[in-house]
Amino acid sequence: MQLIQNTADLSAYLAADEVIDHHHPTVRETAARLTEGVADSYAYARAAYEFVRDTIPHSADSGDPRVTWRASDVLEWRTGICHAKAHALAALLRAEDIPTALCYQRLTHDDGGHVLHGLVAVHFHGAWHRQDPRGNKPGVDAQFSLDGERPAWIPDPAADERDHPVLYEAAHPAVLAALRAAPDRPSLWRTLPDTL
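Residues numbered from 1 in each chain as written. Predicted model: local features only at pLDDT ≥ 70, side-chain atom pairs only at ≥ 80, totals over all residues. Heavy atoms only, no water.

1. Here we look at the pairing of strand 4 (residues 127–131)
The two faces of the sheet receive side chains in turn, since in a regular strand these alternate between them. For clarity, the cut-off: The buried label goes to any residue with under 20% of its type's maximum accessible area, the exposed label to any with over 50%, and the partly exposed label to all in between, with areas taken from a 1.4 Å probe on protein chains only. Only DSSP runs of H or I reaching four residues or more are called helices, and only runs of E reaching two or more are called strands; each is numbered from the N terminus. Pairing between strands requires that DSSP locate at least two bridges from one strand to the other.
Taken across its five residues, strand 4 has four buried, putting it largely inside the fold. Alignment of strand 3 (residues 114–124) against strand 4, held across five bridges, turns out to be antiparallel. Along strand 4, the bridge assignment pairs Ala121 with Arg130.

Okay, structure coming up:
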């Protein structure tokens, strides 16, 4: 799949906003801890990815009803769905000047319908590489890789699943609206968009 930047300006993928708030003290402190002992930006990116994937539980796996969407809140509260975890990872990477995009997949939901899944793409060596910090569990083994994707799920076209090729510099408005409006995670499951 050919990934397509939503904007040609690579610096847009370093920007901070209310979602990817990488100037927030919690994000800065977390990034500073993760930089200790890493040799280069690639090692930092892997460390940040593994931190988000492994130490911030996916709220559906843990049963946490809270809905987070701002990167600093995800890091402080240690919970979030895939979109929230992608926001946190994007903030940690952008905090260290690694261009990071938000991207999406359309996947089958547990109820048989479809839902958008959130992940990120990092820019290294002149190319974008998608990474999925959702969190591993039995049947899910996502890994950080610049040599071929290792996401949580591979879309099945026969089930009307697909990768969205656009790389967004900011959270998609439909996803953000659902996250911000949901009083709890069960409500969010009913309102997350299923397509862009």
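2. Observations regarding helix 5 (residues 82–95)
To keep things clear, this is the line we draw: Every helix has an expected span of 1.5 Å times one less than the residues it contains.
Along its 14 residues, helix 5 runs 20 Å from first to last C-alpha, staying within 8% of the 20 Å computed at 1.5 Å per residue. Most of helix 5 sits inside the fold, with 14 of its 14 residues counted as buried. With its phi angle positive at about 60°, Asp97 sits one or two positions after the end of helix 5.

3. A few points about the packing of aromatic side chains
Defined as follows: Two rings from Phe, Tyr or Trp (for Trp, the six-membered ring) form a pair when their centres sit within 6.5 Å of each other. Planes less than 30 degrees apart are called stacked, planes more than 60 degrees apart edge-to-face, and all others tilted.
If you walk through the whole model with that rule in mind, you get five aromatic pairs. Consider the rings of Tyr49 and Phe144, whose centres lie 5.6 Å apart with planes at 55°: the pair is tilted. One end of the pair, Tyr49, is in helix 2 (residues 41–55); the other, Phe144, is in the loop between strand 4 and strand 5 (162–163), with 95 residues separating them in the sequence. Here Tyr49 and Phe144 have matching classes, each one buried. By the ring-pair criterion, three or more aromatic residues cluster together here, those being Tyr42, Tyr49, Phe124 and Phe144.

4. A short note on helix 6 (residues 173–181)
Selection rule: Note: the arc covers the axis-to-C-beta directions of the helix. The contact criterion used is simple: two residues touch if any of their non-hydrogen atoms lie within 4.5 Å.
Within helix 6 the residues assigned to the buried category are Val175, Leu176, Ala178 and Leu179. Summarising the axial view, the buried residues of helix 6 lie within an arc of 160°, below the 170-degree limit, and thus occupy one face. Facing away from the buried side of helix 6 by over 90 degrees, the exposed positions are Pro173 and Ala181. The secondary structure elements touched by the buried residues of helix 6 are helix 5, strand 2 (100–108), strand 3 and helix 7 (185–191).

5. Regarding the packing of helix 1 (residues 25–35) against helix 5
Filter applied, for reference: Angles run from 0 to 180 degrees between N-to-C directions of axes, and those axes are lines fitted to C-alpha atoms, restricted for helices to the stretch in contact. An angle below 35 degrees is read as roughly parallel, one above 145 as roughly antiparallel, one from 65 to 115 as roughly perpendicular, and any other as oblique. Note on convention: the crossing is left-handed when the near helix lies turned anticlockwise from the far helix by less than a right angle, right-handed when the turn is clockwise. Polarity classes work like this: nonpolar for Ala, Val, Leu, Ile, Met, Phe, Trp, Tyr, Cys and Pro, charged for Asp, Glu, Lys and Arg, and polar for all others, with Gly in that last group.
Where helix 1 meets helix 5, the axes come as close as 9 Å, and the angle between the chain directions of the two elements is 65°. Taken together, helix 1 and helix 5 sit at an angle that is classed as roughly perpendicular. Along this stretch, helix 1 crosses helix 5, giving a crossing that reads as right-handed. Residues Val27, Arg28, Thr30, Ala31 and Leu34 of helix 1 form the contact with helix 5, whose own contacting residues are Ala91, Leu92 and Ala95. A class-by-class count of the residues in the contact of helix 1 with helix 5 yields six nonpolar, one polar and one charged.

6. Re the environment of Ala158
Following the sequence through the fold, Ala158 ends up in the loop between strand 4 and strand 5. According to the relative accessible area criterion, Ala158 is exposed, its value standing at 78%. Taking the C-alpha atoms as reference points, Ala158 and Leu89, 69 residues apart in sequence, are found 31 Å from one another.

7. Looking at the pattern of salt bridges
Worth spelling out the cut-off: What makes a salt bridge here is a side-chain nitrogen of Lys or Arg within 4 Å of a carboxyl oxygen of Asp or Glu, nothing more.
In total, this model carries 13 salt bridges according to the counting rule given. Note that Asp160 is salt-bridged to Arg106, the shortest N-O span being 2.6 Å. Taken together, the positions of Asp160 in the loop between strand 4 and strand 5 and Arg106 in strand 2 put the pair 54 residues apart, joining distant regions of the chain. A residue is classified by how much of its surface remains accessible, and Asp160, at 41% relative accessible area, is partly exposed. According to the relative accessible area criterion, Arg106 is buried, its value standing at 9%. In the salt-bridge network here, residues are joined through shared partners; they are Arg106, Asp160, Arg162 and Asp194.

8. Observations regarding the sheet that holds strand 4
The sheet built from four strands is open, its strands ordered 4-3-2-5 with antiparallel pairing. The open sheet terminates on both sides in strands that have one partner only, identified here as strand 4 and strand 5. As judged from the two bridges shared by strand 2 and strand 5, these two strands associate in the antiparallel manner. Bridging across to strand 5, Arg106 finds its partner in Arg162. Lying on the sheet, helix 5 is in contact with strand 2 and strand 3; it crosses strand 3 at an angle near 10°.

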